[in-house]
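# Overview (structure and organization)
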Amino acid sequence: MDIGIDLGTANTLLYVRGQGIVLNEPSVVAVKEGARHALAVGTEAKETIGRTPGSITAIRPLKDGVISDFEAAEEMIRHFVRKAVPGRRPRTRMVICVPSGVTQVERRAIVHAAQRAGARAVHLVEEPMAAAIGAGLPVAEPRGSMIVDIGGGTTEVAVISLGGIVTSQSLRVGGHRLDTAITDYVRREHALLIGERTAEDVKVAIGSAWPVPGEEDFEERTFTVRGREKVGGLPKTVELTVAEVRAALDEPVEAIIAAVRVTLEECPPELSGDVMEHGIVLTGGGALLPALDLRLASATGIPVFVADDPLDSVALGCGKCVEDFDGLERGMSAA
Ligand code: ADP
Ligand code: MG
């Protein structure tokens, strides 16, 4: 039984060898104060965010791309593996994708958590590598490929050649930062307090990085949010426009663009020439923000492409490693 796990800051995906992606749930664990086990994990736990009474906390075990809660991470892995593969799991081997910024201590902790969840062998694969493989980039060739994976907690920018990461940046700006940028804007400009789930709904409904060509009516769209007045505390609704949300997202979007620029500057000239020629590929949920590709292309002068199914790229890349697990065991030492 070989399993691949994309342990994302926002979503965890499981890939089973020979089956494909079998599970896709939010990386959230709900725990009750003093209880030994989680109250809920995944989709069920995400529903509780912002709605929990004082004694229940919704934890994101991988906040900001680092493991902020080891016990919760372990419980999450165990729960998802059991759910995806019920019954006996003989000789389980796992390939787990981790953000490139994790420390040695965290890597060991993830391996340990996977072992306690029943894995007899564990390989860790760096997220940008998995994203690039999943997006179909020719990672093994002597040609520079640039991947930008925009997840919930982090953005990983990497140039890959000959099967290795040549240069990379891990930035603690991702989808969640876009959400809080909206929350902050609404509080500042409309004196309204909204929750993190509401902010994410706004982003997905009418968020954009630039005007969207071919969709003239896009600029006219609005989204009504419900929240609590900053002063007075009464419920209130506000109608947000596309232009307002774009302005709110400007700062984190610029931070992502700056990270791409720095990576290009640090890239050996031959490889950046390859990137100029073949373009930059975007993966992760953040790649779905309308016109982010266009804005990045304009800022860098390099063509930008969004991967097919960007939310699945890392899990699919992880899956390719799972399908070739024996090759991994021959080629790499266990972490
Ligand atoms: P991670 O790998 O860190 O778990 P994902 O790649 O699963 O992250 O991406 C999750 C992020 O993508 C979330 O912040 C979510 O809000 C964002 N996202 C999902 N769909 C869209 C969309 N259509 N537009 C903008 N952002 C999106
Ligand atoms: Mg990811």
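You'll find the structure just up there.
Now for a quick tour of the structure. Numbering of residues starts from 1 in every chain and runs along the sequence as written. Each chain takes a letter, starting from A, and each ligand takes a number, starting from 1, following the order in which they are written. Residues qualify for local features only when their pLDDT is at least 70, as the model is predicted, and side-chain atom pairs are given and counted only at 80 or more; totals for whole chains, interfaces and linings, by contrast, use all residues. The basis for every side-chain value is the complete set of heavy atoms in the structure, and neither hydrogens nor water enter the calculation.

## Points about the sheet that holds strand β6 (residues 56–59)
Two strands are said to pair when DSSP picks up at least two bridges between them. In this text, helices come from DSSP runs of H or I with a minimum length of four residues, and strands from runs of E with a minimum of two, each type numbered from the N-terminal end. In spatial order, the strands read β5-β4-β6; together these three strands make up an open sheet with antiparallel pairing. Lying at the two open borders of the sheet, with one neighbouring strand each, are β5 (40–41) and β6. Across four bridges, strand β4 (residues 29–32) lies against β6 in antiparallel orientation. Across the sheet, the residue bridging to Val29 is Ile59, located in β6.

## Things to note about the layout of surface pockets
Put plainly, a pocket is an open set of points on a 1 Å grid over the protein atoms alone with protein on both sides within 12 Å along at least five of seven lines, a cavity is a set where a 1.4 Å probe fits but cannot get out, and a lining residue has an atom within 4 Å of a point. Grid points are joined across faces, edges and corners, and a volume is the space filled by probe spheres set on the points. Space inside the largest pocket adds up to approximately 680 Å³. Along the wall of the largest pocket there are 31 residues; nearest its centre are Ala10, Asn11, Gly285, Gly286 and Leu311. The residue classification treats Ala, Val, Leu, Ile, Met, Phe, Trp, Tyr, Cys and Pro as nonpolar and Asp, Glu, Lys and Arg as charged. All others, Gly included, are polar. When its residues are assigned to classes, the lining of the largest pocket shows 13 nonpolar, 11 polar and seven charged.

## Digging into the pattern of salt bridges
For side chains bearing opposite charge, pairing can occur when the charged atoms are close. Think of a salt bridge as a Lys or Arg side-chain nitrogen and an Asp or Glu carboxyl oxygen that are within 4 Å of each other. Within the structure shown, the criterion is met by 16 salt bridges. Taking the shortest distance from any N to any O, the salt bridge between Arg17 and Glu323 comes out at 4.0 Å. Placement of Arg17 in the loop between β2 (11–16) and β3 (20–26) and of Glu323 in helix α10 (residues 313–323) is noted, with a sequence separation of 306 residues between them. To sort residues, take the accessible area from a 1.4 Å probe on protein chains only and compare it with the maximum for the residue type: under 20% means buried, over 50% means exposed, and anything in between is partly exposed. Given a relative accessible area of 34%, Glu323 falls into the partly exposed group. Between Lys46 and Glu200 there is a salt bridge; the shortest N-O distance is 3.2 Å. Here Lys46, found in helix α1 (residues 43–46), pairs with Glu200, found in helix α6 (residues 196–206); they are 154 residues apart in sequence, far enough to count as distant. For Lys46, a relative accessible area of 18% puts it in the buried group. Shared partners join several salt bridges into a network, and the residues in it are Asp2, Arg17, Arg93 and Glu323.

## Re the site of ligand 1
One heavy atom within 4 Å of a molecule or strand makes the whole residue count as near it. Taken together, 17 residues surround ligand 1, and among them Thr9, Ala10, Asn11, Glu200 and Lys203 come closest. Within the backbone of Asn11, a nitrogen or oxygen atom sits 2.6 Å from an oxygen atom of ligand 1. Relative to its unbound accessible surface of 580 Å², ligand 1 loses 89% to contact with the protein. For a cavity or pocket, the test is whether more than half of a molecule's atoms lie within 2 Å of its grid points; if they do, the molecule sits there. Among the detected pockets, ligand 1 sits in the largest pocket. Those elements that place two or more of their residues in the shell around ligand 1 are α5 (175–190) and α6. N or O atoms closer than or at 3.5 Å make up a polar contact, with two conditions inside protein: a donor-capable atom paired with an acceptor-capable one, and, for residues adjacent in sequence, both atoms drawn from side chains. The Shrake-Rupley method, run with a 1.4 Å probe, gives the accessible areas here. Residue values count only the displayed protein chains as cover.

## Considering the side chain of Thr9
Structurally, Thr9 is set in the loop between β1 (2–7) and β2. The class of Thr9 is buried, set by a relative accessible area of 7%. A polar contact is formed between the side chain of Thr9 and the backbone nitrogen of Gly152, at a distance of 3.4 Å. With residues up to four places along the chain from it excluded, the contact list for Thr9 reads Ser27, Arg60, Leu62, Asp64, Gly65, Gly151, Gly152, Gly153, Thr154 and His176. Note on contacts: a residue pair qualifies if any of its non-hydrogen atoms lie within 4.5 Å across the two residues.

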